[in-house]
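What the coordinates show
So the chains spell out like this:
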Amino acid sequence: MCYIACVIGRLRGVIVETPAPDGSCLIEVGGVGYEVHMPVRRGSPFTASSGDVTVFVHTHVREDTLTLFGFESHQDRHAFRQLLTVSGIGPRLAMAVLGGMTGIELAHAVSRTDREKLKGIVGVGAKIIDRILLEMKGKLDHLAMLPAKPMDPSGHGGSAASDSLSQVAAALMQMGYKRAEAAQAVAKVAGGTEDKPVETLLREALLALS
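Our subject in this report is the structure included herewith. All values reported here derive from a predicted model rather than from experimental measurement.

**Some points on the pattern of salt bridges**
Scanning the model with the defined rule gives 3 salt bridges in all. With its nearest N and O atoms 3.4 Å apart, the salt bridge here joins Glu105 to Lys117. Note that Glu105 is positioned in helix H3 (residues 103-111) and Lys117 in helix H4 (residues 115-118), a separation of 12 residues in sequence.

Have a look at this one:
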């Protein structure tokens, strides 16, 4: 039998079942219900009464199993994917980490080698913390440039502005700019980003560097 994996990157629909204690929920999109596993966070906005929601998805394929992991922002999804590259960390443990902090907060913890930030997460011991700090060094630099604001009481950890700024930072480093230069440029264009497309912000950042 041949299995064809359909990679799903984002879903927009309605949560029709209240998320279970393990974070799994059912999102209906165009009449189709997708079971998605979300990080378990206090006050999560993803409930059956949330209305329309947009979820950034990582499609995890293993043998004959296809599992969808969903996140509030693409920064969280990127952090999840980088966590999977750490030896000894699988999807469930990566989700546990992101249940305790946002992707941006994780990036700051890695950048500062902040072991205390990672302590207290179920399943994450001293050895795993050391591996995260060592093996993820440099992999989340563009997220570490963004303000590490804790999740607000509603459970939200990301925003459209943060998404745009992280894309600009990543693009600048791909162009060859050093992290410090990219951070300086992002800081200069950070004001009033809500209504600006990424392309406009990138041009402004390049002008700031010229």
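**Examining the sheet that holds strand E2 (residues 24-29)**
Spatially, 5 strands are ordered E1-E2-E3-E5-E4 in a closed barrel, and the strand pairing comes out mixed. Along the sheet, successive strands turn relative to each other by an average axial angle of 55 degrees, direction set aside. Relative to strand E3 (residues 32-37), E2 runs antiparallel, the two being bridged by 6 bridges. Bridge assignment links Ser24 to a residue of E3, and that residue is His37. Sitting on the sheet, helix H1 (residues 74-83) is in contact with strand E4 (52-62) and strand E5 (65-71), with an inclination near 15 degrees to E4. Contacting E3, E4 and E5, helix H2 (residues 91-100) crosses the sheet at an angle of about 10 degrees to E5.

**What about the packing of H1 against H2?**
Running from amino to carboxyl end, H1 crosses H2 at an angle of 135 degrees, the nearest separation of the two axes being 9 Å. In terms of their interaxial angle, H1 and H2 are classed as oblique. As H1 packs across H2, the resulting crossing turns out to be right-handed. From H1, Asp76, Ala79, Phe80 and Leu83 reach across to H2, where they touch Pro91, Ala94, Met95, Val97 and Leu98. Across the contact of H1 with H2, the residue classes tally to 8 nonpolar, no polar and 1 charged.

**Looking at the packing of aromatic side chains**
By the definition in use, this model includes 2 aromatic pairs. Ring centres 5.3 Å apart and planes at 35 degrees place the aromatic pair Phe69 and Phe80 in the tilted group. One end of the pair, Phe69, is in strand E5; the other, Phe80, is in helix H1, with 11 residues separating them in the sequence. On the basis of relative accessible area, Phe69 is assigned to the buried category, the value being 2%.

**Focus on the nonpolar core**
Within the largest apolar cluster, 27 residues are counted, with the highest numbers of intra-cluster contacts made by Leu83, Ile89, Val97, Leu106, Leu118, Ile132 and Met136. Secondary-structure elements contributing two or more residues to this core are E5, H1, H2, H3, helix H5 (126-135) and helix H6 (141-144). No other element matches the 5 residues that H2 contributes to this core. Sequence-distant contacts of Val97, defined by excluding residues within four places in its chain, comprise Leu83, Leu106, Leu118, Ile121, Val124 and Ile132. Residues Met145, Ala171, Ala182 and Leu201 belong to the second largest nonpolar core, which totals 15 residues.

Reading guide: rules and limits
Residues numbered from 1 in each chain as written. Predicted model: local features only at pLDDT ≥ 70, side-chain atom pairs only at ≥ 80, totals over all residues. Heavy atoms only, no water. Salt bridge = Lys/Arg side-chain N within 4 Å of Asp/Glu carboxyl O. Helix = DSSP H or I, 4+ residues; strand = E, 2+ residues; numbered from the N terminus. Pairing = 2+ DSSP bridges. Axes fitted to C-alpha atoms, helices over the stretch in contact; angles between N-to-C directions. Contact = heavy atoms within 4.5 Å. Parallel < 35°, antiparallel > 145°, perpendicular 65-115°, else oblique. Left-handed = near helix turned anticlockwise from the far one by under 90°. Nonpolar A, V, L, I, M, F, W, Y, C, P; charged D, E, K, R; others polar. Phe/Tyr/Trp six-rings, centres within 6.5 Å; stacked < 30°, edge-to-face > 60°. Buried < 20%, exposed > 50% of the residue type's maximum accessible area, 1.4 Å probe, protein only. Core = buried A, V, L, I, M, F, W, Y, C linked by side-chain atoms within 4.5 Å.

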